[in-house]
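# Descriptive analysis of the structure
Each chain, written out:
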Amino acid sequence: MAAPASAPADSRSRPAVRDVVFVDGVRTPFGKAGSKGQYAQTRADDMVVKVIRELLRRHPELPAERIDEVAIAATTQIGDQGLTIGRTAALLAGLPKSVPGFAIDRMCAGAMTAVTTVSSGIAFGAYDVVIAGGVEHMGNHPMGEGADPNPRFVSDKIVDPSALVMGSTAENLHDRYPSLTKERTDAYAALSQQRYDEAMQAGKIAPDLVSVATRSDEGWGLATTDEPPRPGTTVESLSGLKTPFRPHGRVTPGNAAGLNDGATGALLADAETAEELGLPVGMRLVGYAFAGVEPEVMGVGPVPATEKALQRAGLTIDDIGLFEINEAFAVQVLAFLEHFGIADDDPRVNPWGGAIACGHPLASSGVRLMTQLSRHFAEHPEVRYGITTMCIGIGMGGTVIWENPNYNAGGEQ
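Basis of the calculations
Residues take numbers from 1 onward in each chain, read along the sequence in its written order. Reporting in this predicted model follows two pLDDT cut-offs: at least 70 for local features of residues, and 80 or more for side-chain atom pairs to be given and counted; totals over whole chains, interfaces and linings ignore these cut-offs and use all residues. The basis for the side-chain values is all heavy atoms of the structure; hydrogens and waters are excluded. Numbering of helices and strands starts at the N terminus; helices are DSSP runs of H or I of at least 4 residues and strands are runs of E of at least 2. Only C-alpha atoms enter the radius of gyration; for comparison, a globular chain is expected to reach 2.2 Å times N to the power 0.38, where N is the number of residues. Burial classes follow relative accessibility: with a 1.4 Å probe on protein chains only, a residue under 20% of its type's maximum area counts as buried, one over 50% as exposed, and anything between as partly exposed. Contacts between residues were defined by any pair of non-hydrogen atoms, one from each residue, lying within 4.5 Å. We get accessible surface area from the Shrake-Rupley algorithm with a probe of 1.4 Å; when it comes to residues, only the shown protein chains can shield them. Residues scored as charged are limited to Lys and Arg (positive) and Asp and Glu (negative), so that His and the chain ends carry no count. Where a charge sits is defined by one atom per residue type, namely NZ (Lys), CZ (Arg), CG (Asp) or CD (Glu). Salt bridges are identified by distance alone: a Lys or Arg side-chain nitrogen within 4 Å of an Asp or Glu carboxyl oxygen. UniProt positions are given in the numbering used here, feature names are shortened, and annotations may be inferred rather than shown by experiment. With axes taken as lines fitted to C-alpha atoms, and helix axes fitted only over the stretch in contact, angles between N-to-C directions fall between 0 and 180 degrees. Each crossing gets its handedness from the near helix: less than a right angle anticlockwise from the far helix is left-handed, clockwise is right-handed. Each residue gets one label: Ala, Val, Leu, Ile, Met, Phe, Trp, Tyr, Cys and Pro are nonpolar, Asp, Glu, Lys and Arg are charged, and the others, such as Gly, are polar. Note on ring pairs: Phe, Tyr and Trp rings are taken, using the six-membered ring of Trp, and paired if centres are within 6.5 Å. Classes follow the plane angle, with under 30 degrees stacked, over 60 edge-to-face and the rest tilted. We count a charge as sitting over a ring when the NZ of a lysine or the CZ of an arginine lies within 6 Å of the ring centre and within 35 degrees of the ring normal.

With that settled, consider the overall build of the chain. Counting its regular elements, the chain contains 12 helices and 12 strands. In terms of overall size, the chain behaves like a compact globule, its C-alpha atoms giving a radius of gyration of 21 Å where 413 residues would be expected to give roughly 22 Å. Seen along its three principal axes, the alpha-carbon backbone of the chain occupies a region of about 70 × 55 × 55 Å. Across the 413 residues of the chain, 55% fall into the buried class. When contacts within the chain are restricted to residue pairs at least 6 apart in sequence, long-range pairs at least 24 apart make up 80% of them. Accessible surface for the chain amounts to roughly 17200 Å². Of this, 53% is attributable to carbon and sulfur atoms. For the chain, the distance from the average site of its 34 positive side-chain charges to the average site of its 50 negative ones is 3 Å.

Attention shifts here to the pattern of salt bridges. Enumeration over the complete set of coordinates arrives at 22 salt bridges. Asp19 is the partner of Arg284 in a salt bridge, and the nearest nitrogen-oxygen pair spans 3.9 Å. Here Arg284 is found in strand E9 (residues 283-292), whereas its partner Asp19 is found in the segment before strand E1 (20-27), with 265 residues between them in sequence. Asp19 gets classed as partly exposed once you look at its relative accessible area, which sits at 41%. Among the salt bridges present, the one from Arg384 reaches Glu403, with a minimum N-O distance of 2.8 Å.

For the rest of this paragraph, the subject is the UniProt feature "domain: Thiolase N-terminal" (unreviewed entry) in the chain. According to UniProt, the feature "domain: Thiolase N-terminal" (unreviewed entry) maps to residues 20-270 in the numbering used here. Helix makes up 31% of residues 20-270 and strand 20%, whereas the separation of the span's terminal C-alpha atoms amounts to 5 Å.

So, about the packing of helix H5 (residues 166-176) against helix H10 (residues 330-339). Where H5 contacts H10, the two axes come as close as 9 Å, and the packing angle between them is 40 degrees. Note that H5 runs across H10; the crossing there is left-handed. Here Ala170, Leu173 and His174 of H5 come into contact with H10, specifically with Val331, Gln332 and Ala335. When its residues are assigned to classes, the contact of H5 with H10 shows four nonpolar, two polar and no charged.

Here we take up the packing of aromatic side chains. Counted according to the given criterion, the structure contains four aromatic pairs. When the ring of Tyr288 is compared with that of Phe290, the centres are 6.2 Å apart and the planes differ by 65 degrees; the resulting orientation is edge-to-face. Residue classification places Phe290 among the buried residues on the basis of a relative accessible area of 15%. Ring centres of Phe323 and Phe336 lie 6.3 Å apart, and the angle between their planes is 70 degrees; on these two criteria the pair is classed as edge-to-face. Taken together, the positions of Phe323 in strand E10 (residues 320-325) and Phe336 in helix H10 put the pair 13 residues apart, joining distant regions of the chain. Taken together, the aromatic side chains of Phe323, Phe336 and Phe340 make up a single cluster linked through ring pairs. Positioned above the aromatic ring of Phe30, the side-chain terminus of Arg27 is 4.3 Å from the ring centre. Above the plane of the ring of Phe290 lies Arg106, whose end atom (NZ or CZ) is 3.7 Å from the centre.

Printed below as a string of structure tokens:
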């Protein structure tokens, strides 16, 4: 019996799925948004240019013409974050004009989605080598600038009005899980600051940072370190902070990420091309998933996204030895940990601190998580699998599962 006309003629039209590897990642130091922040007079696209050039500088074995795509995320795609920033930043960085690029938006998970999108292309055979990352200049473009939410969201009761204010969704998450007290979130926030400071002092953070020339009214400067960290933060110092999203609430500037500026970038490739070019392999992609949740409790998004990703990969939470969880709010991290039965201070979770300490420039943060996880893998050959996960505005979560190429089956996880 003849095959249907729509069926492929032979196997050549159905390419085998290829292994995708994370080669390397870098980021700018993260700054405080606003007129006093270190990037107040720095363009967002120039920060992207810095990370692209740094990736190429660190990998001279990669000919620039071998890059097949540049995918850059931004949540607010206007001004210096607009004009198809993946393409314009590639041109500004000096990549060959033959290298295409595009922009992408999934709010806080922009860079994560840039990575998963191009990884799918690599796996399918459309790309061999790709640069993916994200940028957010929240000083130039405050969250929601230029947005015009449809009034039917509220009038038709599609969402509660609090769904449009991220801090209010965090307060709602406290309501949903009464066991997640302010005391617990403050303790977690203080631990994030402590772990970040210890990692910085140990020389763990600086190698991933690319310095950025900055300009201010006083003249030129050089951004070499993150601005947001507050070393010496204690539970006591956090306890008296104001709760701006609700009177007598639980979410404060101390147990949430701030408003920040910064950019990230990563190199991804298929395994065979990485071997051909001599590119290092930091991680191998296992799988990923995104999931929607009630927008009013946006912060719980990583739970169903992780369950979905694990189920599709044939893994369980017990198989995961390292976690990089974006700390948009401490309560969001604790909701994830409590769901999976993980202690608040588990050493496998954000070993070098997180966004509460170093900052969260929205669309850029996904690649920061990935870059740090790849560094953890290099130090922990006893761990086979790790995840990067984050909550996403308007009620979503995203999770990516990675495998450690340095895994030693004889070690203990």
